[in-house]
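Topology and contacts: notes
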Amino acid sequence: MTRWLALRKPDASPALQLACRAQHFRRWELPRSSYPMTRAGYLTWRSKQKSVAASQVAELLASSEAIQPPLPKEEIDRVAALVRKENLKNDEETQILEDVACLVFLDDQFDDFESKPEIDQDKIVGILRKTWGKMSAPYKTHGRSFPLPPACQSSPQLQHPKMTLSKPPLSSLLSTHDFHQLSLTTLPPKPLAFLTSTATDSHTHRSNTTTYSLLLLRPRILIPVHKPISLCTTLLSSSFLCSSPIYASATSLGKLFHPRGELEIAEACSNLNIAQVISTSASFTLEEICSVGNHAKHFQLYMDKDRENSKKLLKSLQGLGVKSVWLTVDAPVMGKREADERVPVAEEDKEKVLAPMGGTSCITEGEEGALGRVMGSYVDASTCWDDIKWVREQVGEEVKIVLKGVQTGADAKKAMREGVDGIVLSNHGGRSLDTSTATILLLLELQKNCPEVFDKMEVMIDGGVMRGTDVFKALCLGAKGVGIGRGVLCGLAGYGRDGVSRYFEILSKELETSMRMCGVTSLDELHPGFVNTRAVDHLIPDGLGDDHPYAKWKRGGKSKL
Ligand SMILES: Cc1cc2nc3c(=O)[nH]c(=O)nc-3n(C[C@H](O)[C@H](O)[C@H](O)COP(=O)(O)O)c2cc1C
């Protein structure tokens, strides 16, 4: 209830917040089975349940010594009135509470109905229609977009005009979390599974984000920060100024999220003048995407088992004005993403999962679920360090070379020695190898063990960036650019190019605020001293070697047994 209230009414009054938490308070004490299983029985039970819950909550609020100072009586009465759902038609807060209850029902409890044999399709449709009828207009968007049980999906009764989608206004989304939350409830099952699936148990995916919160900021005070801030910077091209160090990471299959997929992302990036990395598995060709906008474009390469295909793509880069090629090195094979495996591609989505530049052209029988695996089937797992030279030969000196997915200091140093122009500290957003290191820690590993790489190459980072403070910390610790993967697709899915733009604008604004709060007005002033990293310092390895710091026994010695 709390999560849905935060979306429905982010600035809910304390009384409404309390009423939301108190919905169904001790409901188990009054089981449905204690009333006749008729409609009249249901209505009597429901009204009794509300009034009992309201008085129990009021009593608790009035008597609890833990609440200091005690709540005024009017506040307690208000909470009780809301729990009783008084004046539903005219009281805005009561209606919000009703909306939230409906959303929780659809989100959390509706599936149970599907599994009950006594509830047939007509009944399910009836329940949906009643739930729909209870919700206020703007919030029906969330309700409608829940995946319906398969039996209902084609039901003409659900194609009622009242059920057409309307989205909350883009301006009401205030943080990146709002976008992700909205995607959870509005995307159809397969795009949602593809977007959110992570490797096995999601540890790396989670720690990419949570590790940022362990780094503490050390703001400096009484420094004038009233001047406008410029976030302009170059990224892999000294002659091209981007408006921000934040860029759109390579993501595949844009059409799954919007009919114009990567073309819309390109328009947003062009409007804001931020860099876009185009995936080999994009839904459109390089020519099509490069024809949109004047922003900096980079090409992400999955080396194809059919080298001729990669060769053709690489040869085309210069003519298209692409600034660099980012060879993805963290996914020689695809990560085990179970959510993606589980959800089949719906018939109507099949033509949206084509990647014209990759070797994959269709989903074959028996592979309906695993988009990541199918997409990855053309990737050449034999790719090695020597291939960097091959890539260089194809693209010439004009196009820079970047390794995307470096995850140790040792490989960062090797990349530098190989003469690449940049690296991306990335673990594919936690989609490849679970329990690999959170990317912000890799920046510290480089700082500790091979700081020279920052002078010789541009070091980018992606994974788990949700706030301007995250971007700020990464930049302070040496990152030149900060990539956003899922977030771009969340913006794209809901609102096309406008959603992508707003997503980036929110992050940039938060970055500006963080800078001012820390007493700086230019990116040049950022340095590691703004970040207290004590909480994670013990996780940073002491050197670049492969040896474990104290576990010295190794397999292979002769056993005397
Ligand atoms: C749906 C999806 C598709 C992706 N496709 C690619 C891809 O085609 N090539 C690639 O190198 N990385 C791909 N990535 C990884 C991103 O480039 C990036 O490393 C990651 O998403 C960053 O983490 P974040 O999503 O937490 O921002 C993909 C990520 C997602 C979520």
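Before reading further, recall that the structure is shown in the block above.
Everything in this summary refers to the structure shown in the same document.

What counts as what
For every chain, the first residue of the written sequence is number 1, and numbering continues from 1 along that sequence. Given that the model is predicted, a residue must reach a pLDDT of at least 70 before its local features are reported, and side-chain atom pairs must reach 80 or more before they are shown or counted; all residues, however, enter totals for whole chains, interfaces and linings. The side-chain figures draw on all heavy atoms in the structure; neither hydrogens nor water molecules are used. Working definition: residue near molecule or strand if any one of its non-hydrogen atoms lies within 4 Å of it. Polar contacts here mean pairs of N or O atoms no more than 3.5 Å apart (in protein, one a potential hydrogen donor and the other a potential acceptor; neighbouring residues in sequence count only if both atoms are side-chain atoms). We get accessible surface area from the Shrake-Rupley algorithm with a probe of 1.4 Å; when it comes to residues, only the shown protein chains can shield them. Secondary structure is summarised from DSSP: a helix means a run of H or I of at least four residues, a strand means a run of E of at least two, and numbering begins at the N terminus for each. Residue polarity is assigned by list, with Asp, Glu, Lys and Arg as charged and Ala, Val, Leu, Ile, Met, Phe, Trp, Tyr, Cys and Pro as nonpolar; anything else, Gly included, falls into the polar class. Axis definition: a line fitted to C-alpha atoms, over the contacting stretch in the case of helices. Angles run 0 to 180 degrees between N-to-C directions. Comment on the angle field: the value is read as roughly parallel under 35 degrees, roughly antiparallel over 145, roughly perpendicular from 65 to 115, and oblique elsewhere. Definitions for this section: a left-handed crossing has its near helix turned counterclockwise from the far helix by less than a right angle. A right-handed crossing has that turn clockwise. Contacts are assigned to residue pairs with any non-hydrogen atoms lying within 4.5 Å of each other. The rule for a salt bridge is simple: a side-chain nitrogen of Lys or Arg has to be within 4 Å of a carboxyl oxygen of Asp or Glu. Classification of residues uses two cut-offs on accessible area relative to the type maximum, computed with a 1.4 Å probe and protein chains only: under 20% is buried, over 50% is exposed, and between them is partly exposed.

The next subject is the site of the ligand. Around the ligand there are 22 residues in total, and Ala250, Ser279, Thr328, Asp462 and Arg486 lie nearest to it. Interatomic distance of 2.6 Å between a backbone N/O atom of Ala250 and an oxygen atom of the ligand. Take Thr328: an N or O atom from its side chain is 2.7 Å from an oxygen atom of the ligand. When the ligand sits alone it has 600 Å² of accessible area, and the protein chains cover 97% of it. Contributions of two or more residues to the shell around the ligand are made by α9 (189-196) and α21 (486-517). The residue makeup of the shell around the ligand, split by class, is 6 nonpolar, 12 polar and 4 charged.

So, about the packing of helix α2 (residues 14-22) against helix α4 (residues 73-83). Where α2 meets α4, the closest approach of the two axes is 9 Å, and the angle between their N-to-C directions is 45°. One element, α2, and the other, α4, form an angle in the oblique class. Helix-helix and strand crossings are classified by hand; for α2 and α4 the assignment is right-handed. Each of Pro14, Ala15, Leu16, Leu18, Ala19 and Ala22 in α2 lies in contact with α4, whose residues at this interface are Glu75, Arg78, Val79, Leu82 and Val83. Here the residues of the contact of α2 with α4 sort into 9 nonpolar, no polar and 2 charged.

The subject of this paragraph is the pattern of salt bridges. Inspection of the entire model under this criterion finds 23 salt bridges. A salt bridge links Arg260 to Glu264; its shortest N-O distance comes to 2.7 Å. Look at Arg260 and you get partly exposed, because its relative accessible area is 31%. Across the salt bridge formed by Asp547 and Lys554, the nearest N and O atoms sit 3.4 Å from each other. Because the salt bridges share partners, they merge into one network encompassing Arg260, Glu264, Glu267 and Arg497.

So, on to the environment of Phe454. With respect to the helices and strands, the residue Phe454 is situated in helix α19 (residues 453-456). By relative accessible area, Phe454 is classed as buried at 19%. Sequence separation between Phe454 and Ala479 is 25 residues, and the spatial gap between their C-alpha atoms is 8.3 Å. In this view, Phe454 contacts Leu443, Leu446, Gln447, Val459, Leu477 and Gly478; residues no more than four positions away in its chain are not counted.

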